[in-house]
Every structure is written in structure tokens, then in C-alpha cells.
Amino acid sequence: MDVQIKLESFEGPLDLLLHLIDRAEVDVCDIPIARITEQYMAVLSTMRELELEIASEFLLMAAHLLAIKSRMLLPRPEPEDPLMDYMDEEEVLDPREELVQRLLEYKKYKRLSEVLREREEFRSQVYTRPPMDLTPYAKESNPVEGISPDDLLEAFVEVLRNRREAETSSTAQLTRDEISVSDRMEEIAKLLYASGGSLRFSQLLQTRWITRERVITTFLALLELLKTKRVWIRQEQLFDDMRIEAPPGEEGTLVEA
Amino acid sequence: MLKRETLKAVIEGLLFAAGEEGLKPAEIAEATEEKLAVIKELIQEMQREWKEQGRGIQIVEVAQVYQLTTLPEHRIYYEKLAQSPTRSQLSRAALETLAIIAYRQPIIRADVEEIRGVKSEKALTQLKRKGLIKEVGRADGAGRPILYGTTREFLEYFGLKSLEELPAPDSIFNWAEMEAERQELFQRLGVEPEGALSEEEWTDEEGTAAGSEAG
Amino acid sequence: MLKRETLKAVIEGLLFAAGEEGLKPAEIAEATEEKLAVIKELIQEMQREWKEQGRGIQIVEVAQVYQLTTLPEHRIYYEKLAQSPTRSQLSRAALETLAIIAYRQPIIRADVEEIRGVKSEKALTQLKRKGLIKEVGRADGAGRPILYGTTREFLEYFGLKSLEELPAPDSIFNWAEMEAERQELFQRLGVEPEGALSEEEWTDEEGTAAGSEAG
């Protein structure tokens, strides 16, 4: 992992990904998606080692990259393939297509923000002054002409309502970010222990609070558990529900003190 | 060392940017790295030249400070400007700020900004100049910030005998707070806002809403 | 009817009085009781003359108003003045968010976040607080999310006459270039644009890939 990468200097996963892809230029030939994914995961694990907080967006992208990587490994079905019935149009396309589009779109606005930065710089080189007080020139007149006390009340209520809505949306934001991968790992371990050492993947997603982020956190937690050999995963066939099992003879050691 | 003409242009810009407070000769000398005597001499020259050229602004010396001002003989045009609808009417920002101060007085600027979610310095200046609000005291705490309240003229302009005559927030206010609470609850439950609440949940929340309004 | 030279002096004074708020051509026309076309022509003339005379201030057109500012080439003298406002730059996050809103307005938060790939609540609050963006309406659909757009202050902050003055995305990112980038991205991401791996490759890869994901 290249320590030259200043982790905090990335605006988000797309920014980091663009950097990795640009950097890959030094390698003359093709950099497979697998390698970009590996580098991306390496950056994330460095962030973890440095105990930096990893925003859920970075995890979301990690999951997305892994999904693309695995889909790249699947054969492209022929149009008359019965498998087609199970796939929507998007899945038949190159799995990287969407990512490339997103990267290009992001890159476009990144450049436009650089243009704005230049203008900001230019504009900051000139100074102006506050307006002169013109009230001495104003003839005696009612400054609230045409405004009634009711208008005043309405303005007050409107402001309060807007504030309420702003607060409301940030509350929703917080609830969504609450669970981290490591917390989820422990949850899964406990759940597995409680259900006698065997669980189906779908059972992990059967809660009222399920969100896209939570599915991804669950998936990443599972990968992490698998990596540290705290769980085994079995799948009978493609698209089957995964079965999560405690390693033989270790049912009791899943939950760490 | 700057040439005289460049130096004059820089002085003009400095005085312009300094705004109503103006600049001491020493400040100009420091910024331009010139001798005080040179600055004073140049400014005298500029005053003469501007008059000859028929410029629309002038350099005046007030209390040992140089400042730019408009010309007294142009007074009639500033009156017209002050009377133009865009300048004489309250901006939306000013109206909102005035409403908050009217209902929450005495209140400090930071709290007005907190409620509006936007910097409100300009709106406050505008309202002060129009005589609708004034400083009514200082709050405790760091910097002892200014507390604002409405003026006697405020009541006169709105034709009110006292602040109690302001329309009571109840009718619309309740509704707005409740609507916000309802939205919030939906979001917490992760439900689409279309789904109506049951009678019990509703009544339960109403209590809290009424409580927070009082505060 | 005023003489041209007097009129120019009056315009200078009016612009000076308006300060950072600037004046619309129509406001100048109204205050001076002159035709709009005459005002516009005179201002162009003044811009030329002031430059020739080496004046220390200039007339710029920003957000559909005329405004007086100092000259960029004199900035070092103003920076030396303690009173000069220290200008803080916008953060990159704020700037990215702003670029997206400027080009895609009206736009809801979710769409900004979709493009940036990160939560943008903080950037939006910051921009709103600075008055660079505002709520311009509500989108249809669940929760009726807020639609954001840029403000007049946005134009002023970046010294733009209007939104049209922003470079068209195509001009800095033309179509052919974009297609080339797309091809390049594809290449860097690995597989030839035609796509599919051969039967052997994927069977062979499956083992290692599954292994490396797990391990």
C-alpha cells in the first residue's frame, strides 16, 4: 500500500477511485478491475489500521467493486439463454459500464469545480465596500408599507418550519450511519451462536431497519468474519441462500470476550 | 517606489475599500510604503484634480481620517434612489429576521442566524437603519452579544398598540410544528410519508409538540 | 436633461453609494431620469475612460448589476491593510457540491450525493449559510425533497454576470474527449471494451478470485 496517498484528501470513493485509476497509468498494460479493487481495499485497510473513520460511502463502493469483480467472472449469457429471464437489462450490460459513467460524470463536475476555484481566486483579488446608508435621503415613509402583522406571522412560521425540516433530515442521516462493520460482525457472531451455529444469509437481513447501507455492512462484516475464519460459508448452487456456519467444534468461541 | 500616478490610483482604491470608516494618513503611508508627507501632498493634489475633472465622489478629511463621500449637490439623485421600490421595500431576508425578532425578542444575532440557517448581518443592518429594531441590552456570556428587540416605531408602522396585539402564533404555528413532527416520526420509522399515523401515535406526539412549543 | 459629463459624475456617485450591492441599469436610469440605452452606453464609455486615466477603481458587471471594485493588480496594497477582510476559500467539498448545483439546478440533495458518491449534507448547510444556494422548490415524490438552486450571491461571489457566463460543460469536457476518456477508463479497468473473458479464463479466475476475496 502506497503511503504517499493522503487518505484524508479524498472527497469520496469516486475521487479515490479516479486517483487509483490515474495512478495505474504507470503500468503500461491493462490494469484489471480485480487489481483496482485490490488497491482500493488496501487503501481501506490502511485507513482501518490508522484507525481513521471510514465513511459508509467507501464501504458501499468496496462492495460495489467486489460485485463488479465477481460479475466479470460470470459468463455473459447468450440472448436465448434461460438465465436471461432472471436478469434485468442492466445486468446483461458490461458491469463496469455504470461505474465508468459515474466516474466520468464525477470527473466532469470535479473539473467544473476547478473552474469555480479559479474564479473564486480571481474575484478575491478585488475589493468593494458596504453600501452607503441611504436612510438620511429617504423621505419620511412607512418602511413596512403593504406588510401586515399577519405577513409577519406567516414569515415566522415559514422560517420555523424550514428549520424543522432541516433538522429532521439530519436525524435520519445519523440513524443510518449508526452501525459499523465491526459492530455488525459481533452482532452476526452472537446471532450465529444464539441459533446453534447455523444461519441463513437471508435471516441476517430480516429486520425492520434494513437499508442499502445495512445490507452492505452485513456483507462486509461477513467477509471479514470469513477472512478471520470465524465463520464458514456454504452455498449449494448459484443464487441459493448462503448458509453461515460456525467452524466445527468452535461454536462456543464465536463471541469474543 | 511607485510612480506618482500609480500611487494616486492605489490611494483611491484604498480609500474606496476602507468604506465609511476611512483611513488615517499613516495607514495609507504604511500600505503604500511611502512617506507621510508625500501621501498628504498627493491627496491634496487628488482633491484638486477630482474637482476639476468633475468626478462624482470626493475625498474629505474628517477627524484626521480621509474618506470618500458623495457630492452634496447630487442629493436629489440619492433621494430618488432611496425612494425606489427595490431599496425602500423590505427584502425577504429582512422580513424573516424582523418576524423572528418580533416573536422571540430579546434575541441575539447568533440565535436569529440559527433559526434562519443563514447569515443575517445585512438584514439586521437594514432593519436597524429603518428604525424597526434596536439594541435593547446585552446577553450574558462570551463577548456579551447584543440583544435585539423591536422599536416603538415598529408598533406604529404596523398600527399596533402593543406587542400583545401581534397575531398569536397558535393557529398556524401548531399546524407547522405538528407537520414537522409528523415528518420526523415517519422518517424515524423508515416509512413513506404517505402512510397516515394511527390515532394513538398521533395523540401521543401531540403532547410532545405542544410541550416544545411552550419553550 | 443632464449633460453627459454631469451624468457620468452622478452615475459614479450612485454606484459608489450602492457599494457591494451594485445597481441595475434600470435603477440608474430611473434615478437619473435617463433612457436605459444612454446609461448603458455611458457606462461603457466610463469603463474605457477610467482605464485610460489610470483610475484606482473600476466598474464591473456582476449578477446583472454594475458594481465598483478595486483593481486586481493593486491587491497587494489592500492585503497589507489590517481592515481588509481575510477571505477564506470554500472547501473542496463545498465547491464540488456548488458546481453540481450550478449546472444541474434545480436539484435535490440525493442527486448531488449520487454524483459525488458521498453524503453532502454538511456542504449543503455550509453553502446555504453563506447564502450561495437556496431552496427553490420541492420535488414531487416521497417526502417532497427540497430542490436547491444558486443565488444572486453565488454570481457575485464568483464575479459572474449570469449563469450563462459559466463555461459550458462541453467546452471543458467535449464529447470526443469524453468518449476517449471512456475508452481509456475501460482499458484501465481491465477488459477490452468488447468485453467477455474466454471460458477458460473465467473458470480459472473463479478459484483465485473467490480465494482472494475470502482470504
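The rules behind each value
Residues numbered from 1 in each chain as written. Chains lettered and ligands numbered in written order. Predicted model: local features only at pLDDT ≥ 70, side-chain atom pairs only at ≥ 80, totals over all residues. Heavy atoms only, no water. Helix = DSSP H or I, 4+ residues; strand = E, 2+ residues; numbered from the N terminus. Buried < 20%, exposed > 50% of the residue type's maximum accessible area, 1.4 Å probe, protein only. Contact = heavy atoms within 4.5 Å. Areas by Shrake-Rupley, 256 points an atom, 1.4 Å probe, with all protein chains shown as cover. Pairing = 2+ DSSP bridges. Axes fitted to C-alpha atoms, helices over the stretch in contact; angles between N-to-C directions. pLDDT = per-residue confidence, 0-100. Salt bridge = Lys/Arg side-chain N within 4 Å of Asp/Glu carboxyl O. Buried area = accessible area lost by both parts, 1.4 Å probe. Parallel < 35°, antiparallel > 145°, perpendicular 65-115°, else oblique. Nonpolar A, V, L, I, M, F, W, Y, C, P; charged D, E, K, R; others polar.

(A) Structural context of the overall build of chain A. A count of helical and extended segments in chain A gives nine helices and three strands. Ordered by position in the sequence, the α and β elements of chain A form the string α-α-α-α-α-α-α-β-α-α-β-β. Evaluated residue by residue, chain A yields a buried proportion of 42% over its 257 residues. For chain A, the proportion of contacts with a sequence separation of at least 24, taken over those separated by at least 6, is 61%. Of the roughly 14,100 Å² of accessible surface on chain A, a fraction of 52% belongs to carbon and sulfur atoms.

(B) Representation of the pairing of strand S5 (residues 146–150) of chain C. Residues and elements named next belong to chain C. The buried count for S5 comes to five of five residues, which makes it a mostly enclosed element. Burial of the side chains of S5 extends over both faces: Ile146, Tyr148 and Thr150 are buried on one face and Leu147 and Gly149 on the other. One ladder, built from five bridges, connects strand S4 (residues 133–138) with S5; its direction is antiparallel. Its bridge partner lying in S5, Glu135 is registered against Tyr148.

(C) Molecular detail of the sheet that holds S5 of chain C. Residue and element names in this part refer to chain C. Here three strands make up an open sheet; going across it, the order is S3-S5-S4 and the pairing antiparallel. Of all strands in the sheet, those bounded by a partner on one side alone are strand S3 (107–108) and S4. Strands S3, S4 and S5 of the sheet are contacted by helix H5 (residues 92–104), whose axis makes an angle of about 95° with S5.

(D) Inspection of the confidence of the model for chain B at higher detail. Residue and element names in this part refer to chain B. With 78% of its residues at a pLDDT of 70 or more, chain B has an overall mean of 82. At the level of individual helices and strands, chain B shows its lowest average pLDDT in helix H11 (residues 199–214), which scores 37, and its highest in strand S5 (residues 146–150), which scores 96. The complex prediction reports pTM at 0.70, with the ipTM value standing at 0.74.

(E) Representation of the environment of Val126 of chain A in the model. With respect to the helices and strands, Val126 of chain A occurs in the loop between helix H5 (95–123) and helix H6 (149–177). Remark: the alpha-carbon pair of Val126 of chain A and Arg102 of chain A, spanning 24 residues in sequence, is separated by 37 Å.

(F) Spatial organisation of the pattern of salt bridges. Taken as a whole and judged by the stated rule, the model has 46 salt bridges over all chains. Glu105 of chain A is paired through a salt bridge with Arg104 of chain C; the nearest N and O atoms lie 2.8 Å apart. Of this pair, Glu105 of chain A sits in helix H5 while Arg104 of chain C sits in helix H5, placing the two residues on different chains. Here Arg144 of chain B makes a salt bridge to Asp140 of chain B, at a shortest N to O gap of 3.3 Å. With a relative accessible area of 43%, Arg144 of chain B lands in the partly exposed category.

(G) Structural view of the interface of chain C and chain B. Listed as interface residues are 36 residues of chain C and, on the opposing side, 40 residues of chain B. Regarding the contact of chain C and chain B, the summed buried area is about 3,300 Å², with carbon and sulfur atoms giving 60% of it. Here chain C is connected to chain B by seven salt bridges. We note a salt bridge from Arg87 of chain B to Glu21 of chain C, for which the minimum N-O separation is 3.1 Å. If you list the elements that add at least two residues to the side of chain C that touches chain B, you get helix H1 (4–18), helix H2 (25–32), strand S2 (65–70), helix H4 (75–80) and helix H7 (121–129) of chain C. Considering every element that reaches the side of chain C that touches chain B, the biggest residue donor is H1 of chain C, with eight residues.

(H) Broad picture of the side chain of Thr70 of chain B. With respect to the secondary-structure elements, Thr70 of chain B resides in strand S2 (residues 65–70). Under the relative-accessibility criterion, Thr70 of chain B is labelled buried at 8%. Discounting chain neighbours no more than four positions away, the residues touching Thr70 of chain B are Met132 and Tyr137 of chain A, Gly56, Ile57, Gln58 and Tyr78 of chain B together with Gly13 and Phe16 of chain C.

(I) Seen up close, the packing of helix H1 (residues 4–18) of chain B against helix H3 (residues 36–53) of chain B. Residue and element names in this part refer to chain B. Between H1 and H3, whose axes approach to 10 Å, the crossing angle comes to 80°. Classified by the angle their axes make, H1 and H3 are roughly perpendicular. On the side of H1, the interface is formed by Arg4, Leu7, Lys8, Ile11 and Glu12, while H3 contributes Val38, Ile39, Glu41, Leu42, Ile43, Glu45, Met46, Glu49 and Trp50. When the residues that make up the contact of H1 with H3 are grouped by side-chain class, the tally is eight nonpolar, no polar and six charged.

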